[in-house]
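Per-entry structural report
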Amino acid sequence: MDFNLSPFEKMVQKTAKDFCEKEVTKIDAYMAEHKDYPPDLLQRFAKARLLGMDVPKEFGGIGSTNFNLILFAEELGKTGSTCMLPFFMNNSVAETICHWGTEEVKKKFVPPMCDGSAWASMAFTEPGTGSDPKALTMVAEPDGDDFILNGTKRFISMANKPGYGIFFAKDLSMQGAKTDTTAFIVDKFSPGITCSGHYELMGLDGADTCDIFFKDVRVPKANILGEQGKGFKILLRWIAGERIQQAAALVGGAQGALEEAARYSKERVVSGFPLGFMQGFTWMLAEMKTKVDASRLMVYNAILLQDQKKPFEVPSAELKVFVVPMVQEVCRMAVQIHGSYGYSKEYKVEKLFRNAMHGGIVASSLEINKTIAGMAYLAGR
Amino acid sequence: MNIIVCIKQVPDVTEVKWDENGSLIRTGLPSIINPNDKHALEAALALKDVHGGTITVISMGPPQVEESLREALGMGCDRAILLTDRKFGGADCWATAYTLGLAIRKIGSFDMVITGVEAMDGNTAQVGPEIADFLKLPLCSYALDIRCEGDKVFVLQNMGDMVRELEAPLPCLITAEKELNEPRVAPMDMLMEAYAKEIEIWGMDVLDGDPANFGLKGSPTRLRKVFSPKRIKGKVEILEGDPAESARKLVEKFKEHNFI
Amino acid sequence: MTDTKDFSDYKGVWVFIEQQEGNLTRTTLSLEMLGEGRKLADKLGAPLTAFLLGHNVGKLAEELILYGADIVLLADHPALAEYRTGHYTDIICKEALERKPDVLLVGASPVGRDLAPRISFRLHTGCTADCTLLDIDEEKKILVSTRPAFGGNVMATILCPDHRPQMSTVRPGVMDMPVKDTARKGEVVTLNLSIDEAADPVKVLSVKKREHSGINIREAERVVCVGMGAGDTQTFARLEELAKELDAQVGGTRPVVEACLITHDCQIGQTGKTIRPELYLAVGVSGTVQHTTGMSEAKTIVAINKDAKAEIFNFAHYGIVGDASKIVPALIDQIRKAKAAR
């Protein structure tokens, strides 16, 4: 399918491929050995001016579009590299702060996320809740010009890396109000903060997803993002954008799986014929290719709405509904085509399959998105 | 430091394919900046990072070379000039060096000219040194390392099994080896600016030259023919005999192919 | 097209002789040039001139006559002890303008590839680079040069009909060496030189031996690939020897890497590297698709395997069916014999 990209957009794709070849291969080699991100990871992205892509220049960004960001996202997803997580996080958290923050907040926290000196995190999930703000157990108690935060967050990416995270807590000073979740920007190395070790996940090898524990952590009032009590809105908006980036990476992974499967189908010979010429396999490849192309179209549609500053929450939810099962199936079929080789860790499709499985879980579950999309459709939105 | 970099757009010969008759399929190959020239660009950019200044990138070729010039601007070059004219077509090394040399002369003042050692398609490695002789610039070829100090440059020159350290005054011409550096990824902000910049287009009339010296007409060498070396896939020639005899036959084949 | 010019006053084949510290460099390039120059000179019925630049190289000049030169132009000066891009070009061009050679050949070493294009530009003539075949057109009595192009995927035949001298640089290791004839006579012409140091502002500060860092099998022009059929310690050791004789890198198939004989960065195949060397010698390799996808585009593929039906023979240009443990030592032997005979 020809998506009619402009010469500039084609050059962005070429540059993305170049970046993956030059930088991501090195990053992955480090991660395979050390099971963690290389300490200079963000600098490598920052050097190529890939952080703060949709952040204005005055705050250290490059004032580009989200479309260019997902052209990169797809290439990163194709490599199967876990380094896409910090790439997304730094970009989306910086943009979120730019959207909701006061001038002081923007000036303080956005530039370090764009120049790679701060690792960004987004922390809502707790042991007891992944999506319900009423069930939050992290509390924020007012104390003069500060708040004291106590509680636990779970499965937080880059929790143990220096930088800033947006933490969502039950604001005790807002008791009685309709909503009482406040978003705080916290220096992750503040006194009182400790982290657990990494969770070992099914996919996204080396991702440092941890629990983070707050014990009497003092956070200045000035670090509140947006309006007190109205923090959940911030999370929802962030998730809507994050879903699109994630979907783009998933499409990239599926594209990678598709290409691997096609290559294998041409090389593997059974009864004198390349595998791909056997009807069953030709059909599989046709299904896989169309699923990937259709998913990509939906991603492009959603991202263009976001760039045009039109409402995109529902299209982004619909993305999850369609794209996640599609790419998971494509990756599964790719493994199947490879036979025993696909089940072996030596072949790429095995990793792409495991990575694809996070799509229905991370950054809002598939089911929640079905609810959002279904309800919106019924309500005529 | 004002640096001029000469680049060439080439078909990606690593992607070359053969048809059933053993003939080369030359169409449909993606076009890229010649790999050695990317190292030349990176060398200029690295010098600019340290010393400041401007980088002008020039290339001779058909209009589609514009894409490569944009890529070079995206890496961080400041100015791009495309030398394009039907009359430049069919140029051999001499005429190409003449054309590029005239363009460099027209650009005026510069501290250094950097080119790649050789192009991936022609593999002659001649144009760089020819431009140096034309413009009477000190030549430091096969650079493995470049270091500037004041108005001098120190170059480590790759002479095969030896390395020479050269010292030359500026302005000079340097040809870049692939071991010189690792070309940077074009940063996104530069890439965005690159597409907003104007690429200057210069034809023969802009250059102050003798019309007889351009293009095919101006090329002292003439191509008589091009042919593909014999590649018979799937028809292996089995060399018979006991180990000593078959080994001897194989060595004869090695000699034929110049492996010994 | 141009009308045929009259170049009858251009006579003789010149060959640039590269030397280092008074020796004909570590390779046999200069002698190969003389051998080829002699052949062309004979075909043209013209004298062969060797152009020698350096310092204290008089003895060498005499040697060159014994290897086939009729005349040796000798430029002997302290400033020329090391190759100097400016001085060498100036001297050769000055003599060429005066003496008018018909053909000028330079070896395509790093020195030659720096020098030849400069000469060709200044003399406004054509130079065909990196030739693997030279001949004289019987009818037109002009030089016909053939060279690889397009990354080595095609061969091009090139002429320089309307300019003189006709120049070519010649790929090392291709041409035949001449036989030394101790009875040969010739003339050494010592050139009068006035070298102005300022004329070549490029100074040579030091010359050191180059240290090669690491193996990159992708860059290797020649590869010897070890398969499980040649994986026993004895044969493996001889394969390393063979690789040395052929100036090749050693690679391996996946099972060989698993057996820890070769490191993973030299693994060739689907889960290793894909390479396109000039010469690929597969020893004891069966040729499964996982492996052949990594090397099927090599220019010349040679396979040695016990099994005549092995898949690898469908990819090879040349093959020997037999026991690697016997063939490899025989091959080493034959190669050494061939090298000694030169």
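Residues numbered from 1 in each chain as written. Chains lettered and ligands numbered in written order. Predicted model: local features only at pLDDT ≥ 70, side-chain atom pairs only at ≥ 80, totals over all residues. Heavy atoms only, no water.

**Here we look at empty space enclosed by the protein**
By rolling a water-sized probe across the atoms, one finds the places where empty space is left. All names here are of chain A. Test applied: Put plainly, a pocket is an open set of points on a 1 Å grid over the protein atoms alone with protein on both sides within 12 Å along at least five of seven lines, a cavity is a set where a 1.4 Å probe fits but cannot get out, and a lining residue has an atom within 4 Å of a point. Grid points are joined across faces, edges and corners, and a volume is the space filled by probe spheres set on the points. A run of H or I in DSSP becomes a helix once it reaches four residues, and a run of E becomes a strand once it reaches two; helices and strands are each numbered from the N terminus. Throughout this entry, Asp, Glu, Lys and Arg are counted as charged residues, while Ala, Val, Leu, Ile, Met, Phe, Trp, Tyr, Cys and Pro are counted as nonpolar. The remaining residues, Gly among them, count as polar. The domain boundaries here were taken from an automatic or database domain assignment.
One pass over the full model with this rule turns up 6 cavities of 30 Å³ or more. Computed from the structure, the largest cavity encloses a volume of approximately 100 Å³. Lining the largest cavity are 13 residues, with Ser-92, Glu-95, Trp-238, Gly-241 and Gln-306 sitting closest to its centre. Those elements giving two or more residues to the lining of the largest cavity turn out to be helix 4 (84-100) and helix 6 (231-267). The greatest single-element share of the lining of the largest cavity, amounting to 5 residues, is contributed by helix 6. Grouping the amino acids of the lining of the largest cavity by side-chain chemistry returns 2 nonpolar, 7 polar and 4 charged. Summarising the domain contributions, the lining of the largest cavity has at least three residues from each of domain 1 (7-114) and domain 3 (233-379). One number sums up the size of the second largest cavity: a volume of about 70 Å³. What lines the second largest cavity is simply Gly-77, Gly-80, Met-84, Ala-249, Leu-250, Gly-253, Cys-331, Leu-352, Asn-355, Ala-356 and His-358. Of all the secondary-structure elements, those providing two or more residues to the lining of the second largest cavity are helix 6 and helix 10 (348-356).

**Focus on the packing of aromatic side chains**
The way to describe two aromatic rings as a pair is by their centre distance and the angle between their planes. For clarity, the cut-off: We call Phe, Tyr and Trp rings a pair once their centres come within 6.5 Å, taking the six-membered ring for Trp, and we label the pair stacked below 30 degrees between planes, edge-to-face above 60, and tilted otherwise. Relative accessibility under 20% of the residue-type maximum defines a buried residue, over 50% an exposed one, and the middle range a partly exposed one, all with a 1.4 Å probe and only protein chains included. Note on geometry: a ring has a charge over it if NZ (lysine) or CZ (arginine) is within 6 Å of the ring centre and within 35 degrees of the ring normal.
Using the criterion set out here, one finds 27 aromatic pairs over all chains in the structure. Geometrically, the ring pair formed by Phe-167 of chain A and Phe-214 of chain A is tilted, given 4.7 Å between the ring centres and 45 degrees between the ring planes. Taken together, the residues Phe-167 of chain A in strand 4 (residues 164-171) and Phe-214 of chain A in strand 7 (residues 209-220) connect sequence positions 47 residues apart. For Phe-167 of chain A, a relative accessible area of 0% puts it in the buried group. On the accessibility criterion, Phe-214 of chain A (4% relative accessible area) is buried. What links up through ring pairs into an aromatic cluster is the set Phe-88, Trp-94, Tyr-98, Phe-134 and Phe-214 of chain B together with Phe-121 of chain C. Between Arg-70 of chain B and the ring centre of Tyr-195 of chain B, over which it is positioned, the NZ or CZ distance is 5.5 Å. Lying over the aromatic face of Phe-227 of chain B, Lys-225 of chain B brings its terminal NZ or CZ to 5.2 Å of the ring centre.

**A short note on the domain arrangement of chain A**
All names here are of chain A. Counted only if it meets this: The contact criterion used is simple: two residues touch if any of their non-hydrogen atoms lie within 4.5 Å. Buried area is understood as the total, over both parts, of accessible area removed when two parts are fitted together, assessed with a 1.4 Å probe.
Here chain A is described as being made up of domain 1 (7-114), domain 2 (121-229) and domain 3 (233-379). Of note, the centres of domain 2 and domain 3, computed from C-alpha atoms alone, are 31 Å apart. Contact with domain 2, which involves 11 residues of that partner, is made by 9 residues of domain 3. When domain 2 packs against domain 3, the two sides together hide about 890 Å² of surface, and 76% of this comes from carbon and sulfur.

**Focus: the interface of chain B and chain C**
How we decide: Criterion for a salt bridge: a side-chain nitrogen of Lys or Arg within 4 Å of a carboxyl oxygen of Asp or Glu. Any N or O atom pair separated by 3.5 Å or less is treated as a polar contact, with the protein-specific requirement of one donor-capable and one acceptor-capable atom, and with residues adjacent in sequence counted only for side-chain atom pairs.
Every contact between the two is made by 79 residues of chain B and, on the other side, 80 residues of chain C. Both faces combined, the contact of chain B with chain C buries some 7,300 Å², and carbon together with sulfur accounts for 59% of it. Summed over the shared surface of chain B and chain C, the result is 6 salt bridges. A salt bridge links Arg-113 of chain C to Glu-118 of chain B, with the shortest nitrogen-to-oxygen separation between them at 3.3 Å. For the pair chain B and chain C, the interface holds 26 residue pairs in polar contact (both at pLDDT 80 or more).

**Here we look at helix 8 (residues 313-338) of chain A**
Residue and element names in this part refer to chain A. Operational definition: Each residue after the first adds 1.5 Å to the expected span of a helix. The angle between axes fitted to the seven residues ending at a residue and the seven residues starting there is what we call the bend at that residue.
Relative to the 38 Å expected for 26 residues at 1.5 Å per residue, helix 8 spans 37 Å between its end C-alpha atoms, a close match to the ideal helical length. At Val-323, helix 8 shows its strongest bend, of approximately 30 degrees, with the proline Pro-325 following within four residues. Downstream of helix 8 by a residue or two, Gly-339 has a phi angle that is positive, lying close to 60 degrees.

**Some points on the pairing of strand 6 (residues 133-136) of chain C**
Residue and element names in this part refer to chain C. Our working definition: A strand pair is defined by DSSP finding two or more bridges across the two strands.
Burial along strand 6 is one-sided: Leu-134 and Ile-136 are buried, while Leu-133 and Asp-135, pointing the other way, are not. One ladder, built from 4 bridges, connects strand 6 with strand 7 (residues 143-149); its direction is antiparallel. What sits directly across from Asp-135, in strand 7, is Val-144. Between strand 6 and strand 7, which pair antiparallel one after the other, the connecting turn spans 6 residues, and Lys-141 there sits at a positive phi close to 60 degrees.

**Looking at the interface of chain A and chain C**
Listed by partner, the interface residues are 5 residues for chain A and 7 residues for chain C. Summed over both sides, the interface between chain A and chain C buries roughly 620 Å², with carbon and sulfur atoms accounting for 41% of that surface. Linking Glu-346 of chain A and Arg-254 of chain C is a salt bridge whose minimum nitrogen-to-oxygen distance equals 2.3 Å. For the pair chain A and chain C, the number of links is 1 residue pair in polar contact (both at pLDDT 80 or more). Classifying every residue of the side of chain A that touches chain C by side-chain character gives 2 nonpolar, no polar and 3 charged.

**Considering the sheet that holds strand 12 (residues 172-176) of chain B**
Under the convention used in this document: Between N-to-C directions, angles span 0 to 180 degrees; the directions come from axes that are lines fitted to C-alpha atoms, helices contributing only their stretch in contact.
The 10 strands are arranged 13(B)-7(B)-6(B)-1(B)-8(B)-12(B)-9(B)-10(B)-11(B)-11(C) in an open sheet whose pairing can be described as mixed. At either margin of the open sheet sits one strand with a lone partner, and together these are strand 13 (200-202) of chain B together with strand 11 (203-209) of chain C. Sheet twist, expressed as the mean angle between neighbouring strand axes with direction ignored, is 30 degrees. Contacts from helix 4 (residues 127-134) of chain B reach strand 1 (2-6), strand 8 (112-116), strand 9 (139-149) and strand 12 of chain B within the one sheet, and its direction differs from that of strand 12 of chain B by about 180 degrees.

**Side note on the sheet that holds strand 7 of chain C**
Taking strand neighbours across the sheet as the criterion, the 4 strands line up as 14(B)-8(C)-7(C)-6(C) in an open arrangement whose pairing is antiparallel. Pairing within the sheet leaves two strands with one partner each, and these edge strands are strand 14 (222-227) of chain B together with strand 6 of chain C. Between one strand axis and the next, the sheet turns through 25 degrees on average, direction left out of account. In this fold helix 1 (residues 29-44) of chain C packs onto strand 6 and strand 7 of chain C, with an angle of close to 15 degrees to the strand it touches most, strand 6 of chain C.

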